[in-house]
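Take a look at the letters that make up each chain.
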Amino acid sequence: MAALLSARVHSICLSYNCQVLKIWHSAGAVCFDVDSTVCLDEGINELADFCGAGKAVAEWTTRAMNGSVPFEEALAARLSLFDPSLKQVQDFLEKRPPRISPGIAELIKKLMGKGIDVYLISGGFRQMINPVALQLGIPLENVFANQLLFGNSGEFAGFDVGEPTSRSGGKATAVQQIRKVQDYRSLVMIGDGATDLEARGPGGADLFICYAGVQLRETVAAKSNWLVFDFEELLSYLTV
């Protein structure tokens, strides 16, 4: 199935005079999803597992990524299952550092070397994503993500509902905000889920690339402009 979908996307690219590649080559900015894209894991699933609620939270994550439940509902429900404290988050980051996807560091380095701005847009949490951005050389002001909130004693106090990525359509809103500030000739969104696909549209991303190197979500892949299973493929076409 994966091979057939990949072949279909390549065929589409060729039949439409490689319009997909033209956008890829002319992009002024590339926005990446983080969980199951830049990183191998779903951050909230890993944190929940660390706190003893991994299975229940993973089920909600699958529903959210397939687009079968509003993102804000899924986010609140998942967090309510384990209420992570500040100490737990800190211990988690120390004991389970993020696992970066193969090839992503090289791709981001090449993009930035060509003067292309790189953004991380995630429904995950800044506490877990900022270290990834720093590791990859991405400015923290180019990170759009949610913020866990804690009380004076470090107890869980919810999340910042003012962040655009805390609700359905949030990634599209983040991309639209980026384009309002920056005059990019074209912008590309890369991710694996329904929330990433939402970023494509008027005022948003010109091209959606579905990355299925970790998770292949067939409904998302079928609506993508380009389906890839490794970042080396994108890197090779970037240098063509």
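You'll find the structure just up there.
Just so you know, the residues in each chain are numbered from 1, in the order the chain's sequence is written. Only residues with pLDDT of at least 70 get local features here, since the model is predicted, and only at 80 or more are side-chain atom pairs given and counted; chain-wide, interface and lining totals rely on the full set of residues. To obtain the side-chain values, all non-hydrogen atoms of the structure were included, while hydrogens and water were left out.

Chemist: So what about the nonpolar core? Which residues, and what values?
Modeler: One finds Trp24, Phe32 and Ile190 to be the most contacted residues of the largest nonpolar core, which totals 34 residues. Two residues form a contact once any of their heavy atoms are found within 4.5 Å. Setting aside anything within four residues of it in sequence, one finds Ile190 in contact with Trp24, Val30, Cys31, Phe32, Asp33, Thr37, Ile209, Tyr211, Phe231 and Leu234. We define a nonpolar core as any set of buried Ala, Val, Leu, Ile, Met, Phe, Trp, Tyr and Cys residues linked to one another through side-chain atoms lying within 4.5 Å. Relative accessibility decides the category of a residue: with a 1.4 Å probe and only protein chains considered, values under 20% of the type maximum give buried, values over 50% give exposed, and everything between is partly exposed. By size, the runner-up hydrophobic cluster in this structure holds 22 residues, among which are Ala53, Val57, Phe82 and Phe156.

Chemist: Before we move on, can you summarise the side chain of Ser166 with the specific residues and values?
Modeler: As for its placement among the helices and strands, Ser166 is situated in the loop between β5 (156-159) and α9 (170-181). Here Ser166 falls in the buried class, since its relative accessible area comes to 3%. If we ignore the near neighbours within four places in the chain, the residues touching Ser166 are Phe71, Glu72, Leu75, Asn146, Phe159, Asp160 and Val161. Labels follow the DSSP assignment, with helices taken as runs of H or I lasting at least four residues and strands as runs of E lasting at least two, numbered in each case from the N terminus.

Chemist: Outline the side chain of Thr37, listing residues and values.
Modeler: One can find Thr37 in the loop between β1 (29-32) and α3 (43-50). Each polar contact in these results corresponds to two N or O atoms within 3.5 Å; when the atoms are within protein, one needs to be able to donate a hydrogen and the other to accept it, and residues that are neighboring in sequence are counted only if both atoms are side-chain atoms. Engagement of the side chain of Thr37 in a polar contact is seen with the side chain of Asp192, the distance being 3.4 Å. Residues within four places of Thr37 in sequence aside, it is in contact with Ser101, Ile190, Gly191, Asp192, Tyr211 and Phe231.

Chemist: Any details on helix α2 (residues 19-26)? Residues and values, ideally.
Modeler: Every buried residue of α2 is accounted for by Val20, Leu21, Ile23 and Trp24. For α2, the buried positions fall inside an angular range of 160° around the axis, keeping them on one side. The arc in question is traced by the directions running from the helix axis to the C-beta atoms.

Chemist: Give me the packing of α3 against helix α6 (residues 86-95): which residues, what numbers.
Modeler: Axes here refer to lines fitted to C-alpha atoms; in helices the fit is confined to the stretch in contact. Angles between the N-to-C directions go from 0 to 180 degrees. Interhelical geometry of α3 versus α6 gives an angle of 105° and a closest axis separation of 10 Å. As summarised for this structure, α3 and α6 are arranged roughly perpendicular, according to the angle between their axes. Between α3 and α6, the residues in contact are Gly43, Glu46, Leu47 and Phe50 and Gln88, Val89, Asp91, Phe92 and Lys95, respectively. Along the lines of polarity and charge, the residues of the contact of α3 with α6 split into 4 nonpolar, 2 polar and 3 charged. Should an angle fall under 35 degrees it is called roughly parallel, over 145 degrees roughly antiparallel, and 65 to 115 degrees roughly perpendicular, with every other angle called oblique. Each residue is assigned to one class: nonpolar for Ala, Val, Leu, Ile, Met, Phe, Trp, Tyr, Cys and Pro, charged for Asp, Glu, Lys and Arg, and polar for all the others, Gly among them.

Chemist: Talk me through the pairing of strand β3 (residues 143-146); I want residue IDs and the actual numbers.
Modeler: A two-sided burial pattern is seen for β3, the buried positions comprising Val143 and Ala145 on one face and Phe144 and Asn146 on the other. Seen with its strands pointing away from the viewer, a crossover is right-handed if its path from the first strand over the helix to the second goes clockwise. A crossover connection joins strand β2 (residues 117-125) to the parallel β3 through helix α8 (residues 126-136); in handedness this β-α-β unit is right-handed.

Chemist: Describe the packing of aromatic side chains, listing the residues and the values that go with them.
Modeler: Ring pairs shown here join Phe, Tyr and Trp side chains whose ring centres sit within 6.5 Å, with only the six-membered ring taken for Trp; geometry is labelled stacked below 30 degrees between planes, edge-to-face above 60, and tilted in between. Counted under the stated rule, the structure contains 7 aromatic pairs. Plain terms: the ring middles of Phe32 and Phe231 are 6.3 Å apart, the flat faces sit at 70° to each other, and that makes the pair edge-to-face. Of the two residues, Phe32 is situated in strand β1 and Phe231 in helix α12 (residues 231-238); the sequence distance between them amounts to 199 residues. Since its relative accessible area comes to 0%, Phe32 is described here as buried. Residue Phe231 is classed as buried on the basis of its relative accessible area, which comes to 0%. Pairing Tyr119 with Phe144 gives two aromatic rings, centres 6.5 Å apart and planes at 50°, and the pair type is tilted. Residue Tyr119 is found in strand β2, and its partner Phe144 is found in strand β3; the two are separated by 25 residues along the sequence. Considered together, Tyr119 and Phe144 belong to a single accessibility category, that of buried residues. Feature note: the residues Trp24, Trp226 and Tyr237 constitute an aromatic cluster, connected by ring pairs.

Chemist: Which residues make up the packing of helix α7 (residues 104-113) against α12, and what values do they have?
Modeler: Remark: α7 packs on α12, axes separated minimally by 9 Å, with the N-to-C direction vectors making an angle of 25°. The orientation of α7 with respect to α12, classified from their angle, is roughly parallel. α7 and α12 meet at a crossing whose hand is left-handed. From α7, Ile104, Glu106, Leu107, Lys110 and Leu111 reach across to α12, where they touch Phe231, Leu234, Leu235 and Leu238. Here the contact of α7 with α12 is built from residues that sort into 7 nonpolar, no polar and 2 charged. Put simply, a crossing is left-handed when the front helix is turned counterclockwise from the back one by less than a right angle, and right-handed when it is turned clockwise.

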